[in-house]
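An overview of the molecular structure
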Amino acid sequence: MSDILSRLANTLPIRWGYFKKNGQPQKVIFVGHEKAIYGADGMQLDNKLTSIKDSLSDAFLEDRSYTVGQYCIYLNRLYKFAEAKAEGPWDGSKVVPVSVTQELGALNGDNGKFEEFTTDRGMYRKWDNGYLEQVYDSRITISIPSKYNNLYQTTHGLLWPIEFKSISTAVCCKAHWGTGASWGTIMDYNNVNVSIRIFDNVARDTSESTHVIAYGVGTWR
C-alpha cells in the first residue's frame with residue numbers, strides 16, 4: 001500500500017472495489033463514505049462517486065433498473081436479483097445474498113442452480129428455471145402411541161425450510177424413532193408444510209427423538 005493510503009487508513013474507513021476503464025476492470029479503493037476514490041497506486045481518480053457511477057460494475061445504483069440474475073453490492077454485501085427491479089431506492093425483498101464462491105460454483109457446473117441454503121429444518125435449492133427443491137431434515141420429539149391393527153402410528157405436521165410458490169409432489173424419505181423399526185409416509189402437503197404419518201411395530205414414548213426426512217419439489221417463482 002502506498003504512503004498516501006497508509007496515512008488514510010489511520011483516519012478513514014477503506015474498502016476495495018472495481019470500476020471499468022476501457023472495458024477492463026480496475027481495482028479502486030473507496031475512502032471514507034464514498035467521498036473520494038483512489039486507484040490501487042494511490043492516485044486520486046475522483047472525489048465524487050457520481051462522476052464514475054456509470055462505469056462502476058457492482059455498486060447498487062438507485063437510478064438503474066435491474067433484471068433477474070443481475071448482481072450488485074449494497075452495504076458491502078453481494079446480492080443477486082431474484083425479481084426484476086425498477087429504478088428507485090434499495091428493496092431487499094427483490095434480492096438474495098450470495099457469495100462469490102457460490103456463484104463461481106454455479107458457473108463451473110451447477111447447471112443453472114440459483115441459490116442453495118441450509119436452515120435448522122433442512123435445506124433448499126433454487127434453480128434459474130424457477131424450480132425449487134427442498135429437504136426437511138430434522139429430529140423431532142414425538143410419541144407413537146395409537147394402535148393400528150398390529151402397528152402403532154402418529155401423524156405430525158412439519159414446516160418446509162421456505163415456502164413454495166407452488167408444490168408438485170412430496171415424499172417421505174425417513175421417519176426413524178431412536179433405534180426402532182419405524183417408517184413413514186406422506187399424509188398431506190402444501191406450499192408451507194408437510195404432514196407425515198409415522199408407524200412402528202411397538203408403541204414409542206418421547207424418550208428418544210425421531211429423525212424425519214422429507215423431500216418436496218415445486219417452484220419458487
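Residues numbered from 1 in each chain as written. Predicted model: local features only at pLDDT ≥ 70, side-chain atom pairs only at ≥ 80, totals over all residues. Heavy atoms only, no water.

**A closer look at unusual backbone geometry**
- Even without being a glycine, N149 presents a positive backbone phi close to 55°.
- Within the secondary structure, N149 is located in the loop between β11 (146-148) and β12 (151-159). (Helix = DSSP H or I, 4+ residues; strand = E, 2+ residues; numbered from the N terminus.)

**Concerning the sheet that holds strand β6 (residues 77-81)**
- Taking strand neighbours across the sheet as the criterion, the three strands line up as β5-β6-β7 in an open arrangement whose pairing is antiparallel. Of all strands in the sheet, those bounded by a partner on one side alone are β5 (71-74) and β7 (95-97). Recorded for the sheet is a direction-independent mean angle of 40° between the axes of neighbouring strands.
- Where β5 lies against β6, four bridges are found, and the strand directions are antiparallel. Residue pairing in the sheet places Y71 in a bridge with K80 of β6. (Pairing = 2+ DSSP bridges. Axes fitted to C-alpha atoms, helices over the stretch in contact; angles between N-to-C directions.)

**Quick look at the sheet that holds strand β15 (residues 193-200)**
- Strand order in the open sheet made by the four strands is β11-β12-β15-β14, with antiparallel pairing throughout. Of all the strands in the sheet, just β11 and β14 (183-189) have a single pairing partner and so form its edges. Between one strand axis and the next, the sheet turns through 35° on average, direction left out of account.

**Brief notes about the side chain of T219**
- Relative to the helices and strands, T219 is located in strand β16 (residues 210-219).
- Not counting residues within four places of it along the chain, the set of residues in contact with T219 comprises G130, Y131, L132, F164, K165 and S166. (Contact = heavy atoms within 4.5 Å.)

**Digging into the pattern of salt bridges**
- Under the criterion given, the structure shown has five salt bridges.
- Note that E83 is salt-bridged to K94, the shortest N-O span being 3.6 Å. One end of the pair, E83, is in the loop between β6 and β7; the other, K94, is in the loop between β6 and β7, with 11 residues separating them in the sequence.
- Accessibility expressed as a relative area gives 40% for E83, which makes it partly exposed. (Salt bridge = Lys/Arg side-chain N within 4 Å of Asp/Glu carboxyl O. Buried < 20%, exposed > 50% of the residue type's maximum accessible area, 1.4 Å probe, protein only.)

**Comments concerning the nonpolar core**
- Ranked by size, the top nonpolar core spans 25 residues in total, and within it Y136, I140, L158, W160, I196, I198 and V212 carry the most contacts.
- Ranked by residues supplied to this core, first place goes to strand β13 (residues 166-177) with five residues.
- One finds F60, Y66, C72 and F81 within the second-largest nonpolar core, a separate group that totals seven residues. (Core = buried A, V, L, I, M, F, W, Y, C linked by side-chain atoms within 4.5 Å.)

**Let's talk about the confidence of the model for the protein chain**
- Mean pLDDT over the protein chain: 75, with 67% of residues reaching 70 or higher.
- Throughout residues 1-16 the model reports pLDDT below 50, and contacts reaching past four residues in sequence, or to other chains, amount to 33 contacts.
- Note on residues 29-57: pLDDT under 50 across the span, and 67 contacts to partners over four residues away in sequence or across chains. (pLDDT = per-residue confidence, 0-100.)

**Notes on the environment of S138**
- Summarising the element assignment, S138 is placed in strand β10 (residues 131-140).
- Residue class for S138 comes out buried when judged on its relative accessible area of 17%.
- Sequence spacing of S138 and V212 is 74 residues, and the spatial spacing of their C-alpha atoms is 5.8 Å.
- Ignoring any residue separated from it by four or fewer positions in sequence, one finds S138 in contact with D120, T210, H211 and V212.

**Some points on the packing of aromatic side chains**
- Inspection of every chain in the model, using the stated rule, returns 10 aromatic pairs.
- Ring centres of F60 and Y74 lie 5.9 Å apart, and the angle between their planes is 90°; this geometry places the pair in the edge-to-face category. Of this pair, F60 sits in the loop between β4 (44-46) and β5 while Y74 sits in strand β5, and the two are 14 residues apart along the sequence.
- For F60, a relative accessible area of 12% puts it in the buried group.
- Between the aromatic rings of F117 and Y124, the centroid separation amounts to 6.3 Å while the plane-to-plane angle is 40°, which identifies the pairing as tilted. (Phe/Tyr/Trp six-rings, centres within 6.5 Å; stacked < 30°, edge-to-face > 60°.)

**Looking at the side chain of E133**
- On the secondary structure map, E133 appears in strand β10.
- Within the structure, E133 has its side chain in polar contact with the side chain of W127 (distance 2.9 Å).
- Setting aside anything within four residues of it in sequence, one finds E133 in contact with M123, Y124, R125, W127, Y215, G216 and V217. (Polar contact = N/O pair within 3.5 Å; in protein donor to acceptor, adjacent residues only side chain to side chain.)

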